[in-house]
Amino acid sequence: MDDLTSEFIAESQEGLDRMERCLTELEVRPDDGALVGEIFRAVHTIKGTTGFLGFDRLEKLAHTGEHLLGSLRDGKLAVTSELISGLLSLLDGLRAILALIEETGGEGTRAEDEDSALIAELTALNGNAPLPVEAADAVEMPLPEVEKAEAHAVAGPAAGAASTMGNSDKTLRIDVDVLNRMMNLVGELVLTRNQMLQSNMEAVNFPELARRLDSVTADLRETVMQARMQPVGNLFGKFPRLVRDLARTCARDVRIEFSGQETGLDKSLLEAIKDPLTHAVRNAVDHGIEAPHVRVLAGKPAEGCVRLRAFHQSGSVVIEVADDGAGIGIERVLAKAVERNLVTAEQAAEMSEREVLQLIFLPGFSTAAAVTNVSGRGVGMDVVRANVEKVGGSVEVESKMGVGTTLRLRVPLTLAIVPALVVRSGGQSFALPQTALVELVYVPRREAEKAVEKIGAAELYRLRERLLPMVWLDRLLGLESQHTAEAHGFYLAVLEAEGCRYGLVVDDLLAPEEIVVKPLSSVLREIGLFSGATVLGNGALALILDIAATAARAGVKPMEEAAEGVALVETKIEEVEDVSFMVFEERAKERTALPLDVVERIESVPLTQIEYAGGRALLQYRGELLPLCDDGNLLMEMEGGGQEDSLVTVLICAHAGAGGRHRIGMVVRRVLDVSPGRILEEDTSVSGMELALVKEKLTMVHRQFGAKAAAGWREVA
Amino acid sequence: MQDESDAVSLCSLFAGSESFGIDTRKIREVLGKRELQRVPMAPAYIGGVVPYRGEVLTAVNFRALLGMGENSAVSCVLVLEDDEGGERFGLAVDEVGGVVTVNRRMLEENPCTLEARGKWLFDGAYKMQTGLMVQLDPKRLRPSRLAETGLFKQCVTGATDASTDRR
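Here the structure is a predicted model, which is why all the values come from computation and not from measurement. (Residues numbered from 1 in each chain as written. Chains lettered and ligands numbered in written order. Predicted model: local features only at pLDDT ≥ 70, side-chain atom pairs only at ≥ 80, totals over all residues. Heavy atoms only, no water.)

Draft legend 1. Spotlight on the environment of histidine 287 of chain A. Counting through the fold element by element, histidine 287 of chain A comes out in helix H13 (residues 267–288). We classify histidine 287 of chain A as buried; its relative accessible area is 18%. (Helix = DSSP H or I, 4+ residues; strand = E, 2+ residues; numbered from the N terminus. Buried < 20%, exposed > 50% of the residue type's maximum accessible area, 1.4 Å probe, protein only.)

Draft legend 2. Just the sheet that holds strand S9 (residues 428–433) of chain A, in detail. Residue and element names in this part refer to chain A. As summarised here, the arrangement of the five strands in space is S16-S8-S9-S18-S17, forming an open sheet in which the pairing is mixed. Pairing within the sheet leaves two strands with one partner each, and these edge strands are strand S16 (508–516) and strand S17 (530–535). Across the sheet, the mean angle from the axis of one strand to that of its neighbour is 35°, orientation sign disregarded. Pairing of strand S8 (residues 417–425) with S16 involves seven bridges; the strand directions are antiparallel. From the neighbouring strand, proline 419 faces S16, where its bridge partner is glutamate 514. (Pairing = 2+ DSSP bridges. Axes fitted to C-alpha atoms, helices over the stretch in contact; angles between N-to-C directions.)

Draft legend 3. View of the confidence of the model for chain B. All names here are of chain B. Per-residue pLDDT for chain B has a mean of 78; in total, 83% of the residues score no lower than 70. Predicted confidence for residues 155–167 stays below pLDDT 50, and this span has ten contacts to residues more than four positions away or in other chains. Predicted complex, confidence summary: ipTM 0.80, pTM 0.50. (pLDDT = per-residue confidence, 0-100. Contact = heavy atoms within 4.5 Å.)

Draft legend 4. Broad picture of the packing of helix H1 (residues 3–28) of chain A against helix H12 (residues 239–249) of chain A. Residues and elements named next belong to chain A. Interaxial distance between H1 and H12 falls to 8 Å at its minimum, and their mutual angle equals 50°. Classed by the angle they form, the pair H1 and H12 counts as oblique. Taken as a pair, H1 and H12 cross one another with a handedness that is left-handed. Across the interface between the two elements, Glu20, Thr24 and Glu27 from H1 touch Pro240, Arg241 and Arg244 from H12. Among the residues forming the contact of H1 with H12, the class breakdown is one nonpolar, one polar and four charged. (Parallel < 35°, antiparallel > 145°, perpendicular 65-115°, else oblique. Left-handed = near helix turned anticlockwise from the far one by under 90°. Nonpolar A, V, L, I, M, F, W, Y, C, P; charged D, E, K, R; others polar.)

Draft legend 5. Structural view of the pairing of strand S23 (residues 616–621) of chain A. All names here are of chain A. Relative to S23, strand S22 (residues 610–613) is paired through four bridges, and the arrangement is antiparallel. Residue pairing for S23: tyrosine 612 is matched across the bridge by alanine 617. Hairpin connection between S22 and S23: a loop of two residues separates the two successive antiparallel strands, and glycine 614 in this loop has a positive phi of roughly 55°. Connecting the antiparallel pair S23 and strand S24 (residues 624–629) is a turn made up of two residues, with arginine 622 showing a positive phi of about 50°.

Draft legend 6. Highlighting the sheet that holds strand S4 (residues 304–313) of chain A. All names here are of chain A. Spatially, the five strands line up as an open sheet ordered S2-S4-S5-S7-S6, and their pairing is mixed. Pairing within the sheet leaves two strands with one partner each, and these edge strands are strand S2 (254–259) and strand S6 (394–400). If you compare each strand with its neighbour and ignore which way they point, the axes differ by 15° on average. Of the pairings in the sheet, the one linking S2 to S4 comprises six bridges and is parallel in character. Looking across to S4, one finds that glutamate 257 is bridged to arginine 307. Sheet contacts for H13: S2, S4, strand S5 (316–323) and strand S7 (404–412); angle to S5, the most-contacted strand, approximately 20°. Its contacts with the sheet place helix H19 (residues 381–390) against S6 and S7, and it is angled at close to 25° to S7.

Draft legend 7. Spotlight on unusual backbone geometry. We note that methionine 41 of chain B has phi near 70°; this positive angle belongs to a residue other than glycine. Tracing the backbone shows methionine 41 of chain B in the loop between strand S3 (27–35) and strand S4 (46–52).

Draft legend 8. Fine view of the interface of chain A and chain B. Every contact between the two is made by 24 residues of chain A and, on the other side, 19 residues of chain B. Summed over both partners, the interface of chain A with chain B comes to about 1800 Å²; 68% of that surface belongs to carbon and sulfur atoms. Three residues stand out in chain A for area buried against chain B, namely Val523, Leu524 and Leu541 of chain A, and they jointly supply 32% of the buried area on that side. Linking chain A with chain B are zero salt bridges. Inspection of the chain A/chain B interface yields three residue pairs in polar contact (both at pLDDT 80 or more). Broken down by secondary-structure element, the contributors of at least two residues to the side of chain A that touches chain B are S9, helix H23 (522–525), S17 and strand S18 (541–545) of chain A. (Buried area = accessible area lost by both parts, 1.4 Å probe. Salt bridge = Lys/Arg side-chain N within 4 Å of Asp/Glu carboxyl O. Polar contact = N/O pair within 3.5 Å; in protein donor to acceptor, adjacent residues only side chain to side chain.)

Draft legend 9. Layout of the pattern of salt bridges. Residues and elements named next belong to chain A. For the coordinates displayed, the defined rule picks out 26 salt bridges over all chains. The shortest N-O distance in the salt bridge between arginine 241 and aspartate 245 comes to 2.9 Å. Residue arginine 241 and its partner aspartate 245 are located together in helix H12, separated by four residues, close to a single helical turn. Grouping residues by exposure puts arginine 241 and aspartate 245 together as buried. A salt bridge links arginine 309 to glutamate 320; the shortest N-O distance between them is 3.2 Å. Taken as a pair, arginine 309 in strand S4 and glutamate 320 in strand S5 lie far apart in primary sequence, eleven residues in all. Of the residues examined, arginine 309 reaches a relative accessible area of 35% and is grouped as partly exposed. What makes glutamate 320 buried here is its relative accessible area of 10%. Three or more residues are tied together by salt bridges with common partners; here these are Asp17, Glu20, Asp92, Arg95, Arg241, Arg244 and Asp245.

Draft legend 10. Local environment of the packing of aromatic side chains. One pass over the structure, following the stated rule, counts six aromatic pairs over all chains. These aromatic residues form a ring-pair network of at least three members: Phe20, Phe62 and Phe122 of chain B. Its guanidinium or amino end placed over the ring of tryptophan 472 of chain A, arginine 475 of chain A lies 4.4 Å from that ring's centre, counting from NZ or CZ. One residue, arginine 140 of chain B, lies across the ring of tryptophan 120 of chain B, its end atom 4.4 Å from the ring centre. (Phe/Tyr/Trp six-rings, centres within 6.5 Å; stacked < 30°, edge-to-face > 60°. Lys NZ or Arg CZ within 6 Å of the ring centre and 35° of its normal.)

Draft legend 11. Up close: the environment of methionine 401 of chain A. Residues and elements named next belong to chain A. Checked against the element boundaries, methionine 401 lands in the loop between S6 and S7. The class for methionine 401 is exposed, based on a relative accessible area of 52%. Separated by 76 residues in sequence, methionine 401 and glycine 325 have C-alpha atoms that sit 8.5 Å apart. In this view, methionine 401 contacts Ala326, Gly327, Ile328 and Gly329; residues no more than four positions away in its chain are not counted.

Draft legend 12. View of a nonpolar patch on the surface. Residues and elements named next belong to chain A. Residues Leu172, Ile174 and Leu179 make up a contiguous nonpolar surface patch of about 230 Å² in total accessible area. Residue placement: isoleucine 174 occurs in the loop between helix H8 (167–170) and helix H9 (176–198). Exposure remark for isoleucine 174: the relative accessible area of 33% places this residue in the partly exposed category. (Patch = residues over 30% accessible without salt bridge, like charges linked within 9 Å, V, L, I, M, F, W, Y side chains within 5 Å. Areas by Shrake-Rupley, 256 points an atom, 1.4 Å probe, with all protein chains shown as cover.)

Draft legend 13. Looking closely at the side chain of glutamate 66 of chain A. Residues and elements named next belong to chain A. By the secondary structure assignment, glutamate 66 is in helix H3 (residues 56–73). Since its relative accessible area comes to 9%, glutamate 66 is described here as buried. Beyond its immediate sequence surroundings of up to four residues, glutamate 66 is in contact with Phe40, Val43, His44 and Lys47.

In structure tokens, the structure reads:
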């Protein structure tokens, strides 16, 4: 295909996309002349260009369409639902021919008859005067084909509009400004390189050069990312049509609303969530929204509403698909789950609403017929989740009976750079994506023997009274064990992917790093355990472990066993009304605890890094000034000890108080445990403190630390 | 055959005591001694991966292909490019010599007594004054091609056996 033709196709497809959006809008606002003008232009451009490219079939169809649109523009025709349908079939016809041209280079002749039917239909529509009944019938004739296609698409999970894919997915429009900025930065990069090559490591200005290189790289990275960013609106654009067609097929009355179309998302991610999102929207219309008469009976407006909302939230993009339909019937889901042996009746009785909703993501839950006619949701939801998780995202569902369902897709901003934890095992470095990392457990040498429990050959770790299958990374990969377990104990990285939860045993933890993912060659991809490789800060290579594949290789199963485990823990916790605490020693011989959810990290800090201002101990932590809370006077004690290189354990605690999130560091002697406990009745004799029973031992709970942190923050500021 | 096309420049390289040559036009870069990052569970003829100009390059361990034992983690890496497949890969050898210009007419076919693996790897030999220099064809050294032939499966299993023995 020559350049001219491929450009024509790309342009026409854009025009048709615009036309599609306008058509669905036109149905809502039939009097909008600007919309008609826009549609007219799109078809007209196609017709004009095809003429000199010599695509007669395309020209003929476009000409008929143009003629019809001309009548519409001149006000000779009124916008009716039939007219819109006819124009939509025109759109499909044009798209089909374009796809054929893109594929074969010619417009082909095999589907000639279809065209003449379409042309006849459009001509019939153009016949002025209010549409006679026969004409309406004629309109209906070619329609079943479209509906059939749609109905088929509804049944098959996430069968995207494959015909429109192609050229437009491979090309990207970039703002010339962005491109210029990129070029400038590349120029800057070249200059910096030249200077670096001319100077040497010892040169006085070398650190400055390195800094400049750093800032140029950061800028360049940001600009490239910006160029890759596409507004989510591009993806939303195709939904009005989809919803319209689907609503007609299912006899629903549905309106679609958008917000946050301008939210940017990496192009490759946009492609990745296209199918899951389409599926979610289909589900919302097909199963979420009730039939109009049912809605009226329920006291809701007859017209249902599907809302698509995109927004940024803490480094990821959230896309919500919300409907105001019937919601998911909890009892029905449960009944189905029990029937399908996904949970036992006893477990089902104890499950919270949230947990029940999670059941719809289980693979066994999705076999179409079983669910469509019972609970109304869940066709292929496991596929949706798998697809989103594949790109490092997650899916949540919220539902209220009679009020509606909200499906939330959370995806990272970009794929190329991911936060990861670098670990060592068998003398090699591996990167674990942070998204899969739940928590880290250190098992010291003296406890290593006791900590590992066995059932047959399977090794398990008891984490907060829940058995976690252990996977030894070095054994799994056939690496030579370094036998560090005897020397320092080992680390357990608790990972979760695709419903599997397991503890990966590694020898050592290195730094968390933002890694740049590089693809592996096909031979290495075939191993199936690594999703890529990355170059670490020290120049060494680390392989990125595919968490889900590792689980599968080690034989960790998701589903029932895991679900059972959850249920067991839940019942236990409910019995004693527990809160999880992190227990540590602050003052000698006293046990102190913090609710686990406020502790963000545990850091070991060299004593020398702690600075003082106005009589308060402070720590510079990730560009933030952290006030340190030292109730046990530990710092004083250690400074007095005269050991310069000793390490202080600091708990980084976060508190979401008024005026934003505050962080505070707690200086502790040592961290003892994480376990569930119960808060005792408040005792007036110990003010500001609460007591709790953790593992049947008296423990003091810091509750005021939030307020204290806020006060400390003001002092610092 | 014309005279100017008879001259071929080869880059000489060594594995053990044997010397080999690869057409310099197929070599993109000689990286020198590099530490290879091993890839667990990979076939034995994969020496590991090495960073190369923003890419992660898969390096074939030439010693393993010849059935020689491990020498050391540090080996010389050549970056080869195959014009057909467009796939870049590394070849880890003991040492890289220099560029030798030879006459194409000095090339001898592989001897018919050569075993199957050798027939796959070698592309004839040049009679040099110092001895024979075996010519290698980068196309056949490509990791994906090596995987396809299945000729080197044995050395894979051999290696895993060895590792279980060690444990």
